[in-house]
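# Fold and geometry: a report
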Amino acid sequence: MYADLIHFFTTHWLGQAIVILAECLAVTVPLLVAVAYMTYADRKIWASIQLRRGPNVVGPFGLLQPFADGLKLLLKETIVPSSANTVLFLIAPMITFMTALISWAVVPFSDGWVIANINVGILYLFAISSLGVYGIIIAGWASNSKYAFLGALRSAAQMVSYEVSIGFVLVTVLLCVGSLNLSKVVLAQAGWFWNWYWLPLLPMFVIFFISALAETNRTPFDLPMSEAELVQGFQTEYSSMPFALFFLGEYANMILLSAMGSVLFLGGWMSPIPYAPFTYIPGVVWFALKIASLLFVFSWTKGTLPRYRYDQLMRLGWKVFLPISLGWLVLTAAVLQFGGLVPGK
Amino acid sequence: MLLQALAFYLFAFVTIAAGAMVVASRNPVYSVLFLILAFFNAAALFLLIGAEFVAMILVIVYVGAVAVLFLFVVMMLDIKVAELREGFLKYAPIGSLIGIVLLAEILLALGVFGGGSPTIATLNQAGAHVGSVENTRAIGRVLYTQYFFLFQSAGVVLLVAMIGAIVLTLRRRPGVRRQRVAEQLYRPKDQAIAVVKVPTRGGVS
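Starting from 1, residues in each chain are numbered consecutively following that chain's sequence as written. Each chain takes a letter, starting from A, and each ligand takes a number, starting from 1, following the order in which they are written. For this predicted model, a pLDDT threshold of at least 70 governs which residues receive local features, and a threshold of 80 or more governs which side-chain atom pairs are given and counted, while totals over whole chains, interfaces and linings are taken from all residues. Only hydrogens and water are removed before side-chain values are computed, so all heavy atoms of the structure are retained for them.

### Some words on helix α5 (residues 121-142) of chain A
Residues and elements named next belong to chain A. Each helix corresponds to a stretch of at least 4 residues labelled H or I by DSSP, and each strand to a stretch of at least 2 residues labelled E; elements are numbered beginning at the N terminus. Any helix carries an expected span of 1.5 Å times its number of residues minus one. With 22 residues, α5 extends 32 Å between its outermost C-alpha atoms, agreeing within 8% with the 32 Å of an ideal straight helix rising 1.5 Å per residue. A large share of α5 lies buried, amounting to 21 of its 22 residues. Taken from the residues just after α5, asparagine 144 is the one with a positive phi, measuring 55°. Each residue gets one of three labels from its accessible area relative to the maximum for its type: buried under 20%, exposed over 50%, partly exposed in between, using a 1.4 Å probe on protein chains only.

Given below as C-alpha cells:
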C-alpha cells in the first residue's frame, strides 16, 4: 500500500503533477502570508520610527490588520478608466504579481528544499526580475493618464539602470562559486559567518542592497510613485483587486530580493555558527531570519531617508555603481586567477 | 515524451502566431508586445532542447533589455495608425526578400544543399565538451578557447557601436550648471556652516 503510493507519486504522470502542484502551494501560501505580515511589520516599524503606535485596532496588537485591508480591497469596485486600454490595463498587475511569484521556483529554502534545482538558477532569477518592469510600463501606458505614464517611464529607466549593476554583482558571486546553481552558491559559503560572501565581497553586498531598493521602487528611490509630484505614479488609475495585485507583487519582490541577498551573501540556510546547538535549528528558520533582517533594513531606510532627485539617481546608477562593480569584478577575477583560487579546477 | 512534444508544438505555434501578429497588428505597441511574446516562446523552445544558458540569456538580453527600449520608444512616438498601413505593401517585397535570404542561410548552414554542414560539425565539436559537464561550462570552454578572438572582436564591435551612438547624440550646451558632487562633499565645515548670534527681532542679514 505504502510502496504503491510512493510509486504513484514518483512515476505516474498524475502523481507527479499532484506533487508539483503541492510544492507550488507550499511555497506560494506561506509567501502570501509573509507578504501580508510584511505590510504589517512595515507599518509598525515606520510607526516606531515616527513615535507612533501603528495599526493596533484590528485583532490583538493589530495583527489582523493586513487581512482586513485585503478583504477591503477585494470588496471594492474595480474601476477601469473609460479611455484606458482595458485588456492591457488588467494584464499589467497580473504580470507584476506573476513574475514576483515564479522566481521563487529556484530559491533554495534549505538543503534540497527547492522546487526546481536548475543549473542556471542565478540567471533565471535575473531574467525573471528583468521582466518585472513590463507590468509597470504596460500599466503606465494602458492607463492613458499623464501621471501613470510619467511614473512608468521613470520606473522603467530606473529598473533597467540598476539591473546592470545587479548583473555585475551576480557575475562576481558566480565567479567565486564556479556555478550558477543557487544551492551550490549556498554550499560554497559553508562554515562560520565570516566565510559568507558578505565579508569578502562587502562592497558588492552594499551595491546589491542599494540596487535592490531601486529595483523595488522603494524609498529613497521611490520616484516612480512619488506622491508629491505624480499622485501614485503608474498605480494612479488602479483600484480594488488590480491595485492589490500590484501591492502584493511589490512586497513579494522585496522579499524575493532579500532572499536573493541572503542566498548570495548571507549563506542562505546555513547557520552562522557551524556547531551543535545552532545546527539543530532547521535551515529554513535561518533563511527566514536572514530574509527578515534584510527586510527590516528595507523598512528602516524607508522610515529614515528622504527621496533622491531623479538625475542623482541616474548618476548613482551609471557613474558610481557601474564603474565600482565592474572594477570589483575585474579585481575578483584577478585575485581568483593569480591567487590560484579558481573554483572547480 | 508526449508531454514534451505537446509543449514543443504549443511554444512553436505561439512563437509563429506572435511573429505574424507583430507584422499584422495595427497598433505598434501591440506589435512590440507580440514581439516580446515571440522572444519568450523562443526561449522556451531553447529550454526544451536543453540549451538552458541560451534560453536565459535570450530572456535577459532581448526581453529584459532590448524590448524594454523598443517599448519605451514606441510608446513615446505619436504614431498615426492609418499612415502606417499605407507603407505596408510598398515594403512587403523587401521584407519577404530578407526573409528568403535568412531562410536560405539557415538551410545552407544545415547542409540541405549538400556539401556537408559546417555548423553541425562545430556543434559536434562543442558536444564533445559537453558530456557530463553542465551547459554553461561547455559553452564557456568553446567560447573562451577556440573562438576567443572572434568573441573579443564581437565585444569591440559592440563597444565601437556604443561609443558611436553616444558621439552622435551628445550635445554640448553652454551655460549648463552641473552638480559637482565631489566638490560638495569636500567642502570644509567653515565654508558650509556659519554660527551666527542673532539679536532678538534683528534677524539674519
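### Notes on the nonpolar core
Definition of nonpolar core: a set of buried residues of the types Ala, Val, Leu, Ile, Met, Phe, Trp, Tyr and Cys, connected through side-chain atoms within 4.5 Å. One finds Trp104, Tyr134 and Phe265 of chain A to be the most contacted residues of the largest nonpolar core, which totals 106 residues. Setting aside its immediate chain neighbours within four residues, tyrosine 134 of chain A contacts Ile95 of chain A together with Ile36, Val63, Ala67, Val68 and Leu71 of chain B. What makes two residues a contact is simply this: any of their non-hydrogen atoms within 4.5 Å.

### Concerning the interface of chain A and chain B
Think of interface size as the accessible area that goes away when the parts come together; that is how it is often given. With 30 residues of chain A at the contact, the number on the chain B side is 25 residues. Buried area: the accessible surface (1.4 Å probe) lost by two parts on joining, summed over both. Carbon and sulfur atoms supply 72% of the area that chain A and chain B bury against each other, a total of about 2,300 Å² over both sides. Salt bridges, as used here, are contacts in which a Lys or Arg side-chain nitrogen is within 4 Å of a carboxyl oxygen on Asp or Glu. Taken together, the links from chain A to chain B amount to 0 salt bridges. Counted as a polar contact is a pair of N or O atoms within 3.5 Å, where, for protein atoms, one must be capable of donating a hydrogen and the other of accepting one, and residues adjacent in sequence contribute only when both atoms are in side chains. Across the contact surface, chain A and chain B share 3 residue pairs in polar contact (both at pLDDT 80 or more).

### Re the UniProt feature "transmembrane region" (unreviewed entry) in chain B
Residues and elements named next belong to chain B. UniProt positions are given in the numbering used here, feature names are shortened, and annotations may be inferred rather than shown by experiment. The positions that UniProt labels "transmembrane region" (unreviewed entry) are, in the present scheme, residues 6-24, 29-49, 55-79, 91-113 and 147-170. Strand forms 0% of residues 29-49 and helix 95%; the C-alpha atoms that close the span are 31 Å apart. What you have in residues 147-170 is 92% helix and 0% strand, and the ends, taken at the C-alpha atoms, are 35 Å apart.

### Considering the packing of aromatic side chains
Residue and element names in this part refer to chain A. Ring pairs are drawn from Phe, Tyr and Trp, using the six-membered ring of Trp, whenever the two centres fall within 6.5 Å, and their geometry is named by plane angle: stacked under 30 degrees, edge-to-face over 60, tilted for the rest. Counted under the stated rule, the structure contains 21 aromatic pairs over all chains. Relative to phenylalanine 67, the ring of tyrosine 37 lies with its centre 5.8 Å away and its plane at 65°, an arrangement referred to as edge-to-face. Taken as a pair, tyrosine 37 in helix α2 (residues 13-49) and phenylalanine 67 in helix α3 (residues 65-75) lie far apart in primary sequence, 30 residues in all. In this structure tyrosine 37 comes out as partly exposed when scored by relative accessible area, which is 26%. Among the residues examined, phenylalanine 67 registers a relative accessible area of 43% and is labelled partly exposed. Plain terms: the ring middles of tyrosine 162 and phenylalanine 321 are 6.1 Å apart, the flat faces sit at 85° to each other, and that makes the pair edge-to-face.

### Some points on a nonpolar patch on the surface
Residues and elements named next belong to chain A. Among the surface-exposed residues, Met1, Leu5, Phe9, Trp13, Leu14, Ile18 and Val19 lie close enough to one another that they form a single nonpolar patch of about 710 Å² accessible area. Where the nonpolar patch is concerned, the elements lending two or more residues are α1 (2-11) and α2. Looking at the nonpolar patch, the element that brings in the most residues is α2, giving 4 residues. Within the fold, isoleucine 18 resides in helix α2. Residues enter patches when their relative accessible area tops 30% and they take part in no salt bridge; the joining distance is 9 Å for like charges and 5 Å for the nonpolar side chains Val, Leu, Ile, Met, Phe, Trp and Tyr. Where accessible areas are quoted, they stem from the Shrake-Rupley method and a 1.4 Å probe; at the residue level, only the protein chains shown are allowed to cover.

### Let's talk about the packing of α2 of chain A against helix α12 (residues 283-304) of chain A
All names here are of chain A. Orientation of α2 relative to α12, taken along the N-to-C sense of each, is 45°, at an axis distance of 9 Å. Our classification of the angle between α2 and α12 gives oblique. Read as a crossing pair, α2 and α12 show a hand that is right-handed. Note on element contacts: α12 touches α2 through Leu295, Phe296, Ser299, Trp300, Lys302, Gly303 and Thr304, opposite Met38, Asp42, Ile45, Trp46 and Ile49. Lines are fitted to the C-alpha atoms to define the axes, a helix being fitted only along its stretch in contact, and any angle between axes, read from their N-to-C directions, falls within 0 to 180 degrees. Any angle between 65 and 115 degrees counts as roughly perpendicular, while under 35 counts as roughly parallel, over 145 as roughly antiparallel, and the rest as oblique. Here a crossing is taken to be left-handed if its near helix is turned anticlockwise relative to the far helix by less than a right angle, and right-handed if that turn runs clockwise.

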